[in-house]
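Structural characterization, general
Read off the chains here:
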Amino acid sequence: MSKQIPLYLTPEQRSELETGIKSGDAPARVQTRARILLLTDRSQGQFRTDKEVAEVLLCSAATVVNVRHRFLSEGLHAALVEKPRPGRAPKITGDIEAQITVIAYSDPPEGHTRWTVRLLRSRAIEVGLLDSIDHTTIWERLKKTRSNPGKSKPGASAHLRPAM
């Protein structure tokens, strides 16, 4: 077992963490990280092992170690907030999604009674919105926006009408 490097919070840091937890405005992960820092702080004369802190906060000991090490090496803000994760940019941006939605609510092509996801995919490529894309990607995005152009009932405004 490796030796635990002690963590000492300044009174200002303690106060900031306690205020953040008491306000309840921060996301749960940030609050858990703040609690980890408060419980591993030795400036109050108490000593708790990583395992003890993990058991109290119902998280893994590795999480406690990672948060403590991030605080010691990068500071308070880095210990509380995750770094952005790298990843591929989405093919469908908000602008492209809006244009596909406009197409979906327009009249369907001749010979079709409604837009299908495959027809939307073909039209998006045809008009130059995208170079290539799978039809399931368009389906997933439309599902997230709750768009259903083939539906005969009105959407979100239906619940606003008075009952007769």
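Cut-offs and rules
Residues numbered from 1 in each chain as written. Predicted model: local features only at pLDDT ≥ 70, side-chain atom pairs only at ≥ 80, totals over all residues. Heavy atoms only, no water. Helix = DSSP H or I, 4+ residues; strand = E, 2+ residues; numbered from the N terminus. Buried < 20%, exposed > 50% of the residue type's maximum accessible area, 1.4 Å probe, protein only. Contact = heavy atoms within 4.5 Å. Areas by Shrake-Rupley, 256 points an atom, 1.4 Å probe, with all protein chains shown as cover. Core = buried A, V, L, I, M, F, W, Y, C linked by side-chain atoms within 4.5 Å.

**Some points on the overall build of the protein**
What the protein contains, in helices and strands, is eight helices and zero strands. Written out in order from the N terminus, the α and β elements of the protein read α-α-α-α-α-α-α-α. Going through the 164 residues of the protein one by one, you find that 27% of them count as buried. Taking as baseline every contact in the protein between residues at least 6 positions apart, the subset at least 24 positions apart corresponds to 57%. For the protein, the exposed surface amounts to about 11,800 Å²; the carbon and sulfur share of it is 53%.

**Structural notes on the environment of isoleucine 133**
By the secondary structure assignment, isoleucine 133 is in the loop between helix H7 (117-126) and helix H8 (135-144). Separated by 12 residues in sequence, isoleucine 133 and arginine 121 place their C-alpha atoms 7.1 Å apart. Once residues lying within four places of it in the same chain are set aside, the contact partners of isoleucine 133 are Lys91, Ile92, Arg121, Ile125 and Ile138.

**Quick word on the nonpolar core**
Ranked by internal contacts, the top residues of the largest apolar core, which has 17 residues, are Leu9, Leu17, Ile36, Leu37, Phe71, Leu76 and Leu80. Residue assignment for this core shows that the elements contributing at least two residues are helix H1 (11-23), helix H2 (28-40), helix H3 (50-57), helix H4 (61-74) and helix H5 (76-80). Residue contributions to this core peak at four residues, all from H2. The residues touching leucine 17, leaving out its near neighbours within four places in the chain, are Leu9, Ala34, Leu37, Leu38, Leu76 and Leu80. In this structure, Trp115, Leu119, Ile133 and Ile138 belong to the second largest nonpolar core, which totals 14 residues.

Functional significance is not addressed by these values, which are geometric in nature.
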